[in-house]
Amino acid sequence: MENSFDLTVIGGTVWTVSGPTETDIGIKGGRVAAFGDLSRAKAAQSIAARGLTVLPGAIDTQVHFREPGLTHKEDLESGTAGAALGGITAIFEMPNTNPNTLDGKDIQDKLDRAKGRSWVDHAFFVGASDENIETLAQTELVPGCSGVKIFMGSSTGSLLVAEDDSLERVLANGRRRVAIHAEDEARLRERLALVKGGADPAMHPVWRDEETALRATKRIIALARKTGRRIHILHVSTGDEVPILAANKDLVTMECLTHHLTFAAPECYERLGTFAQMNPPVRDARHREALWQAVRDGVVDCIGSDHAPHTKEEKAKPYPQSPSGMPGVQTLLPIMLDHMNAGRLTLQRVVDLTSAGPARIFNIAGKGRIALGYDADLSIVDLKEKREITNDWIRTKCGWTPYAGMKITGWVKSTVIRGNIVMRDDELLEKPIGAPVRFTETLARA
């Protein structure tokens, strides 16, 4: 007799759209098929979840997995393996690889590379440049493309659109929400002399100061208003930007990072040196508290990791020759669960920021909640398990994490993607089954 379900999850506290519910989940064909008492139902596989909390699969919409061209420090297999170990069920990968991701052929190349190697579901941003503005409207509708990414300020890689006329043309070409790295290139160049000859890493937030971020955010919001284009401001690092973002929620969404919510200057630079260096920078505790207030007030729409690994040898170069970026995809959910246990936000808010929020911002099809008919993506966690984050646990090729030695409460026990158990008890199972993420705006083209 055919099994009633492919997988059942029995006995957990399930975080549904109605809140936490004591119920079982039946999964068939990769989707949620039933709730209720399924303890006697027939299933090919079952997860005993008593004492655990079943969350909608977490989605990290900002990662840099470095493939192609920079695979000595990460690739799609290792990056997505870390994602799965950390309870992440889908990722959006950034375009500043080598070569840059600039058109549909580049998107397809990444999709081909991910096939059979990605442990989680995935999509890829196309990068805006002065050379590809006219084709962005077509490229953003390619299946597997998560949208357009703009670098307003120079960061890792060569992608840059710095001038208002070019930015306006990018925003005028297309209709999906555009992801923005908002740092003002002109101010970065004006202030480069502060560090160019060599400096303490603690000078990083002095060079790339609050005004650098604020000026870029104001500029891009004005252009979004002019063109009527929806935008998403990535890795907001200052409290100064929050009131402006709050006043423009009809067009503008906002991401925070675990790094900016956890670390603060100058302590992180004294302890980690260049290993705390990222763009935009980790700033002082005043900004960290302002970002937490934005989380509590509902201004923050999602949490990302901006997973941006570099080798220890690269990071050990003297500042500012050292590259900016820290790994984070594997630690995103555990760190947020620890913040929840410390009383900084509720579990409901964690769910909104890590699953429902990304799905809402980017119009992801069939993900972001545990509901009938939705993809059976689950992050099954023990809210009370105490663990220490170690470099040995980190799967990224770079082999380090800025959270090493941090003792946290809250741990991911299993990761389920479209009804497939991908990770259980810190072990990856079987083989990579990741597939392209679908978007409601591109389904007609799929």
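One numbering rule holds for all chains: residues counted from 1, following each sequence as written. Residues qualify for local features only when their pLDDT is at least 70, as the model is predicted, and side-chain atom pairs are given and counted only at 80 or more; totals for whole chains, interfaces and linings, by contrast, use all residues. Side-chain metrics in this entry use all non-hydrogen atoms of the structure; hydrogen atoms and water are not considered.

Peer 1: What is the right way to read the overall build of the chain from this model?
Peer 2: Each helix corresponds to a stretch of at least 4 residues labelled H or I by DSSP, and each strand to a stretch of at least 2 residues labelled E; elements are numbered beginning at the N terminus. When its secondary structure is counted, the chain shows 14 helices and 19 strands. C-alpha atoms define the radius of gyration, and 2.2 Å times the number of residues to the power 0.38 defines the globule rule. Radius of gyration (C-alpha) of the chain: 21 Å, near the 22 Å computed for a compact globule of 446 residues. Its C-alpha atoms give the chain principal-axis dimensions of about 70 × 45 × 40 Å. Burial statistics for the chain: of 446 residues in total, 62% are counted as buried. Two residues form a contact once any of their heavy atoms are found within 4.5 Å. Pairs at least 24 residues apart make up 74% of the contacts formed inside the chain by residues separated by at least 6 positions. Carbon together with sulfur atoms contributes 49% to the accessible area of the chain, which is approximately 16100 Å² in total. Positive charge is attributed to Lys and Arg, negative charge to Asp and Glu, and no charge count is given to His or to the chain ends. We put the charge of a Lys on NZ, of an Arg on CZ, of an Asp on CG and of a Glu on CD. For the chain, the distance from the average position of its 55 positive side-chain charges to the average position of its 58 negative side-chain charges is 2 Å. The rule is simple: take the accessible area with a 1.4 Å probe, protein chains only, and divide by the maximum for that residue type; under 20% is buried, over 50% is exposed, in between is partly exposed. Here the open area of atoms and residues is found with the Shrake-Rupley method and a 1.4 Å probe, where only the protein chains shown may cover a residue.

Peer 1: What exactly am I supposed to notice about helix H2 (residues 104-114) here?
Peer 2: Side chains that are three or four residues apart share a direction in an α-helix, a result of its 3.6 residues per turn. Within the sequence span of H2, burial applies to Ile 107, Lys 110, Leu 111 and Ala 114. Relative to the axis of H2, the buried residues are bounded by an arc of 100 degrees and lie together on one face. Elements that come into contact with the buried residues of H2 comprise helix H1 (76-85), strand E9 (88-93), strand E10 (121-127), helix H3 (136-139) and strand E11 (145-151). Our arc is simply the arc of the directions from the helix axis toward the C-beta atoms.

Peer 1: What's the story with the packing of aromatic side chains in this structure? I'm lost.
Peer 2: Two aromatic rings are characterised by how far apart their centres lie and by the angle between their planes. Note on ring pairs: Phe, Tyr and Trp rings are taken, using the six-membered ring of Trp, and paired if centres are within 6.5 Å. Classes follow the plane angle, with under 30 degrees stacked, over 60 edge-to-face and the rest tilted. In the structure shown here, the tally under the stated rule is seven aromatic pairs. Ring centres of Phe 92 and Phe 125 lie 6.0 Å apart, and the angle between their planes is 75 degrees; this geometry places the pair in the edge-to-face category. One end of the pair, Phe 92, is in strand E9; the other, Phe 125, is in strand E10, with 33 residues separating them in the sequence. In this structure, Phe 92 and Phe 125 share a single accessibility class: buried. A connected cluster of aromatic rings, assembled from ring pairs, spans Phe 92, Phe 125, Phe 362 and Phe 439. The ring of Phe 151 carries the charged tip of Lys 149 above its face, separated from the ring centre by 3.8 Å. Two conditions define a charge located above a ring, namely a distance within 6 Å from the ring centre to NZ of Lys or CZ of Arg, and an angle within 35 degrees of the ring normal. The aromatic ring of Phe 439 is capped on one face by Arg 176, whose charged end is 4.6 Å from the ring centroid.

Peer 1: Can you walk me through the pattern of salt bridges in this structure?
Peer 2: Side chains that carry opposite charge are capable of pairing whenever their charged atoms lie near each other. Put simply, a salt bridge is a Lys or Arg side-chain nitrogen that is within 4 Å of an Asp or Glu carboxyl oxygen. Throughout the structure, instances matching the rule amount to 37 salt bridges. Close ionic contact of Glu 67 with Arg 113 constitutes a salt bridge, the shortest N to O distance being 3.2 Å. On the criterion of sequence distance, the pair formed by Glu 67 in the loop between strand E8 (58-63) and H1 and Arg 113 in helix H2 is long-range, its members being 46 residues apart. Residue class for Glu 67 comes out buried when judged on its relative accessible area of 5%. Note that Arg 225 is salt-bridged to Asp 250, the shortest N-O span being 2.5 Å.

Peer 1: What is the right way to read the sheet that holds strand E13 (residues 231-233) from this model?
Peer 2: In a beta sheet, neighbouring strands pair by backbone hydrogen bonds and run either parallel or antiparallel. Pairing is parallel across the open sheet formed by eight strands, whose spatial order is E8-E9-E10-E11-E12-E13-E14-E15. Bordering the open sheet on either side are E8 and strand E15 (302-304), each of which pairs with just one other strand. Adjacent strand axes in the sheet meet at a mean angle of 30 degrees when their direction is disregarded. Note: E10 against E11, four bridges, orientation parallel. Counted as the bridge partner of Val 126 is Val 148 from E11. Axis geometry follows a simple rule: fit a line to the C-alpha atoms, using only the stretch in contact for helices, then measure angles between N-to-C directions, giving values from 0 to 180 degrees. Packed on one face of the sheet, H2 meets E9, E10 and E11 and runs near 155 degrees to E10. Pairing between strands requires that DSSP locate at least two bridges from one strand to the other.

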